[in-house]
Amino acid sequence: MSRENGSGEADGAGGGTPVPEQLALIRDSVRKAEVPRAKPRTWRGAALAKSLPVARVLVDKGVLHLDRYFDYAVPEELDEQAQPGVRVRVRFGAGARNVRGGRREGGGLIDGFLVERVAESDYSGPLAALAQVVSPEPVLDGELLGLARAVADRYAGSLADVLQLAVPPRHARAEARETGEVPPPPAAPDAGSWRRYGHGAEFLGALASGGSPRAVWTALPGPEWAEEIARAVQATLASGRGALVVVPAGRPAARVDAALTQLLGPGQHALLTADAGQERRYREWLSVRRGAVRAVVGTRAAMFAPVRNLGLVAVWDDGDASHSDDNAPFPHVREVLELRASRDKCGFLLGSWSCTVEAAQLVESGWAAPLVADREQVRGTAPLVRTVGDVDLARDEAARVARLPTLAWNVVREGLKHGPVLVQVPRRGYVPRLACERCREPARCRHCAGPLEARDGGGLWCGWCGVEEGAWHCGECGGFRLRAQVVGARRTAEELGRAFPAVPVRTSGREQVLDTVPGSPALVVSTPGAEPVAEGGYAAALLLDGWAMLGRPDLRAGEDALRRWIGASALVRAQGAGGTVVVVAEPTLRPVQALVRWDPVGHAVRELSERAELGFPPVSRMASVAGTPEALSAFLAGAELPGDAVVLGPVPVPDAGGAPGAARRGGGAPAGERWERVLVRVPPGSGAALAASLKAAQAARMARGAGEPVRIRVDPLDIG
DNA sequence: AGCACGCCGACT
DNA sequence: GTCGGCGTGCTC
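Residues numbered from 1 in each chain as written. Chains lettered and ligands numbered in written order. Predicted model: local features only at pLDDT ≥ 70, side-chain atom pairs only at ≥ 80, totals over all residues. Heavy atoms only, no water.

Re the packing of aromatic side chains
One pair of aromatic rings is described through two measures. These are the centre distance and the angle between the planes.
Argument step 1. Within the structure shown, the criterion is met by 11 aromatic pairs.
Argument step 2. Centroid distance W316 to W353: 5.6 Å. Interplanar angle 85°. Geometry classified as edge-to-face. Residue W316 is found in strand β10 (residues 310-316), and its partner W353 is found in the loop between β11 (347-352) and α10 (357-364); the two are separated by 37 residues along the sequence. Grouping residues by exposure puts W316 and W353 together as buried.
Argument step 3. With a centroid separation of 4.9 Å and 80° between ring planes, the pair formed by F348 and W367 is classed as edge-to-face. A residue pair is termed long-range when its members are at least 10 positions apart, and F348 in strand β11 and W367 in the loop between α10 and β12 (369-371) qualify at 19 residues. (Phe/Tyr/Trp six-rings, centres within 6.5 Å; stacked < 30°, edge-to-face > 60°. Helix = DSSP H or I, 4+ residues; strand = E, 2+ residues; numbered from the N terminus. Buried < 20%, exposed > 50% of the residue type's maximum accessible area, 1.4 Å probe, protein only.)

As C-alpha cells, then:
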C-alpha cells in the first residue's frame, strides 16, 4: 500500500459508497498503517505549504507522557509565518480524530511551539492542520530548546514545564515595539579591584580575548562585588560576546544594574526581574532575544535569557534559596548556568562572599578554578569577629540580668560612637525554637527527639511527630523553664533600642526592606538577607540568631548559618577601621570557627568531604519523591530505579499549612492531606539514570490516568 | 484531562 | 440481536 505520491487524496473514508469489505479494509489500513507517507494527508485535503509541509509542534501541556512532538500539516496560508520557534495554536485531543463516518473537529485549541519544519511525518495517520500562528515572532530557537531539554532531563521534568519558566508570556504590545540598534562592543575594562584576587586580572583578560574561563570566586567583604561583576560583563562584551548575570533578589539586581550603567552607559544591558509587569518583562526579554541587548542581569527566571553568542554566565550568592525555582521541575540557577556553560562553551563565574558545598565541589572536581584573595587581603577587608558562647554566658552575671552579654553591650556602645550598628535577628515566622532557660539545651520530644513547639493556645507539641508534651523538663540539667530563642532575640533588639535612647532605631525585614542607611550612628535591626548597606560600612554588627540557625535539623544548617553571618559581616568595616562583629553562638561549632577565621571555603571543603563520606549530596545525587502513602508506594513499585539507587524512608512530611517560615518550597504536603516522602540516592555518575527512571515512572503513572500525583524533586533543598 | 473505542451483561 | 455499563488508551 505504498502512497508515494497519493497526495491529492484526502482521507479515503469519506469517499464513494464502498462495499462493507472495502470499508473494513480501509479501516484496517488506517488503524495500523505501516508505511510512512511521503506527503501528509489532512482530513480535508486542504492546500498545504509547497515545501516542508509538516510542522513539528511541542504541545504546551506539562503532562509527561505528552513530552514529545506532534506533527501537524502546514496550510498554505500559514506557510510564511509558520517558522521554527513561533508560538502556534493547534487542535489537540481525542475528539479531533477522523472518526469512521464523519469528521469531527473536536478537541480543544491549545498553545504550542513550532519546533521545526520537515518534509514528511513519521506519523501514520492523517495530520491535523495548524490552527493558527499566534505570532510570527520566533521565541524558541534551537539553543534555548536544547537547554530546556537538558534541564528537563536533569530534573526529571517535562520540556513544556521548563519552557513555561524559560519563555515569558506573550504581550502583543511589547512585541509590536521596535527594538533598537545593536550597540558596538565596549573597550576592554581595566581590571580595577579584580587585582585584589590572585588571578583576577587574568580572568578578565581571558574573557576580553574571547576565552571561556570558569571560576568559583570568593568575594572579599564589602560593596565592590557588584562593580567587579560589571567589569566581567564588560570584558565579555569587549570580546564581541554576550553576558548573563543572575542574582538572588531585586536589591542585588539593582546594584549590578547600577554598576553596569556606570560602566557601560545606559541602554547597553537589560534588567530582567520578576517584579516588572508582564509587558515590561516581555519587552526586555525580546530585546535580548532579538539581539539588541547583549548583557543581562536578572533574578532566577533570567537564567534562561536567550542572550546571543553567550560568552559568560555568572551567578551571585548561589547559597541563597531564591536561586531554586518554585515551579516544577524546580531547577537551580547554578545548575542551569553550569549546563549553559558546558553546552555553549562559555565562561562561568560563581561569586559569593561565602561558599556552598556545591561550589567547593566545582573546584575540587577541576571543573572550575578558584578565584580567591590571599589571607593578607582578607585580613585587610574583614571585620574582627568575636563569639559569645554558653560558657561566657553562664559566667556573665550581666547577661542573665540584662539578657545580653557584656561583650555585646560593649561592642554596640563602642560601635555607636563611630557609626551605624547592625543587629541581625531571626526572621519572624521561624517556628520559635524552645530551649531550656537554664542550660539552653534545645527542648526535644521524648518520643522522636523532634523540636518542641509552643501551641498558640498554650501547651507544647512536637514539630515532627505531633505528640503533645504535658510535663517537659530538661534532659540535661533537669530545669523546667523554657525560653523561645527567636522571641528572645527580638526582645533583645528592643532592649538595645531602649538602652541607647539617643540613637535612632531602623528596622529592615520582610515587610519593609531598607536598601541603604546613612553612615551616622543608628541601630539597624534586620532579618537575614534584608540587611541594608550602610554608607561607609557598619561600625559593628551583633548576630543574635545563632541558635535559631544552627538548631535546624537540616543538612545545610551550618552552611546556611555561616552564609547569613558572612552576609551581615561583609557590610561591616574592616578590622583595621574598627569594624567588629559579635556572634552569639558556641565558638566550638564549625560554622562559628569559619566565621571567626573568615574562611568560608575551608568550611565548604570540610563539609564536602564529610558529605562524600556519608554519601550525601552533592557528592551523590538525591531526589525526593512525595505523595500520599498509597501513591508513593505505587510509584516506587512501578519505578525501575538504577541498580545502585538507595531508597531512604518513607517518612511523614510536615504539611505546608504550618508556620509560613517552616513551609519548605515544593517540599511540604498540601494542607489537610497526609503525605510521605522518600529520598532516593545514587552514587556520582548515576544522576542522569536516576532522573530518567523517575521521569519514566511518572510518565507511566500519568498515562494510566492515575489520580493522585507524586511530587518529584531532584536535588531537594532541604534534606532533614 | 477529555473522549472514543470495545468488550461485558440486561433489555426490547 | 442491540443498548449501554465503564475500563483502557490515545491525543499529530
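And the narrative resumes.
Considering the sheet that holds strand β26 (residues 621-627)
Argument step 1. The antiparallel open sheet is built from four strands, whose spatial order is β27-β28-β26-β29. On the outer flanks of this sheet lie β27 (646-653) and β29 (711-714), each paired with one strand and no other. Each adjacent strand pair in this sheet contributes to an overall mean axis angle of 20°, direction not counted.
Argument step 2. Of the pairings in the sheet, the one linking β26 to strand β28 (residues 675-682) comprises seven bridges and is antiparallel in character. (Pairing = 2+ DSSP bridges. Axes fitted to C-alpha atoms, helices over the stretch in contact; angles between N-to-C directions.)

Topic: the domain arrangement of chain A
Argument step 1. Segmentation of chain A into domains returns domain 1 (3-138), domain 2 (192-376), domain 3 (378-609) and domain 4 (621-714).
Argument step 2. Between domain 1 and domain 4, a total of about 370 Å² is buried, with carbon and sulfur atoms accounting for 80% of that surface.
Argument step 3. On inspection of domain 1 and its partner domain 4, the count reaches one salt bridge.
Argument step 4. Note that D67 is salt-bridged to K695, the shortest N-O span being 3.1 Å.
Argument step 5. Counting across the interface, domain 1 meets domain 4 through one residue pair in polar contact (both at pLDDT 80 or more).
Argument step 6. Among the residues making up the side of domain 1 that touches domain 4, the classes are represented as two nonpolar, one polar and one charged. (Domains from an automatic or database assignment. Buried area = accessible area lost by both parts, 1.4 Å probe. Salt bridge = Lys/Arg side-chain N within 4 Å of Asp/Glu carboxyl O. Polar contact = N/O pair within 3.5 Å; in protein donor to acceptor, adjacent residues only side chain to side chain. Nonpolar A, V, L, I, M, F, W, Y, C, P; charged D, E, K, R; others polar.)

Topic: the pattern of salt bridges
Any two side chains of opposite charge can pair if their charged atoms end up close together.
Argument step 1. Evaluated as defined, the whole model comprises 37 salt bridges.
Argument step 2. For R300, the salt bridge is made with D325, and the minimal N-O distance between the two is 3.3 Å. Of this pair, R300 sits in the loop between β9 (295-298) and β10 while D325 sits in the loop between β10 and α9 (333-344), and the two are 25 residues apart along the sequence.
Argument step 3. Since its relative accessible area comes to 5%, D325 is described here as buried.

Some points on the UniProt feature "binding site: Zn(2+) 1" (unreviewed entry) in chain A
Argument step 1. In the UniProt entry, the feature "binding site: Zn(2+) 1" (unreviewed entry) is given for C436, C439, C474 and C477.
Argument step 2. Here C436 lies in strand β15 (residues 434-436).
Argument step 3. Among the residues examined, C436 registers a relative accessible area of 0% and is labelled buried.
Argument step 4. When near neighbours in sequence (up to four residues on either side) are disregarded, C436 contacts E441, W472, C474, C477, G479, R481 and L482. (UniProt positions renumbered as here; feature names shortened; annotations may be inferred. Contact = heavy atoms within 4.5 Å.)

Details of helix α2 (residues 142-154)
Side chains three or four residues apart in an α-helix point the same way, a direct result of the helix having 3.6 residues per turn.
Argument step 1. Helix length check: α2 (13 residues) gives 18 Å between terminal C-alpha atoms against 18 Å at 1.5 Å per residue, within 8%.
Argument step 2. Where α2 is concerned, the buried positions are L144, L145, G146, L147, A148, A150, V151, A152 and R154.
Argument step 3. Count one or two residues on from α2 and you reach A156, which has phi positive near 55°. (Expected span 1.5 Å × (residues − 1).)

Re the protein's contact with DNA strand C
Argument step 1. Close contacts around DNA strand C come from 15 residues, with H65, D71, Y72, Y123 and A128 the closest.
Argument step 2. Restricting the count to atoms of DNA strand C within 4 Å of the protein gives a sugar and phosphate share of 43%.
Argument step 3. The contact in question runs from a base oxygen of DNA strand C to an N or O atom on the backbone of D71, over 2.5 Å.
Argument step 4. For the surface near DNA strand C, the element with the most residues is strand β2 (residues 69-73), which contributes three residues.
Argument step 5. When the residues that make up the surface near DNA strand C are grouped by side-chain class, the tally is 10 nonpolar, two polar and three charged. (Near = heavy atom within 4 Å.)

Focus on helix α20 (residues 629-638)
Argument step 1. Listed as buried for α20 are P629, A631, L632 and F635. Across the axial projection of α20, the buried residues extend over an arc of 165°, all falling on one side. Exposed side chains of α20 directed beyond 90 degrees from the buried face belong to E630 and A637.
Argument step 2. Where α20 is buried, its residues contact β26, β27, β28, α21 (687-703) and β29. (Arc of directions from axis to C-beta.)

Side note on the side chain of S624
Argument step 1. Mapped onto the fold, S624 is located in strand β26.
Argument step 2. Once residues within four sequence positions are removed from consideration, S624 is found in contact with R677, V678, L679, R711, I712, R713 and P716.

Quick word on the packing of α20 against α21
Argument step 1. One can describe the packing of α20 onto α21 by two numbers: an axis separation of 9 Å at closest approach and a directional angle of 120°. Read as a crossing pair, α20 and α21 show a hand that is right-handed. Seen from α20, the contacting residues are A631, A634 and F635; seen from α21, they are L694, A697, Q698 and R701.
Argument step 2. Along the lines of polarity and charge, the residues of the contact of α20 with α21 split into five nonpolar, one polar and one charged. (Left-handed = near helix turned anticlockwise from the far one by under 90°.)

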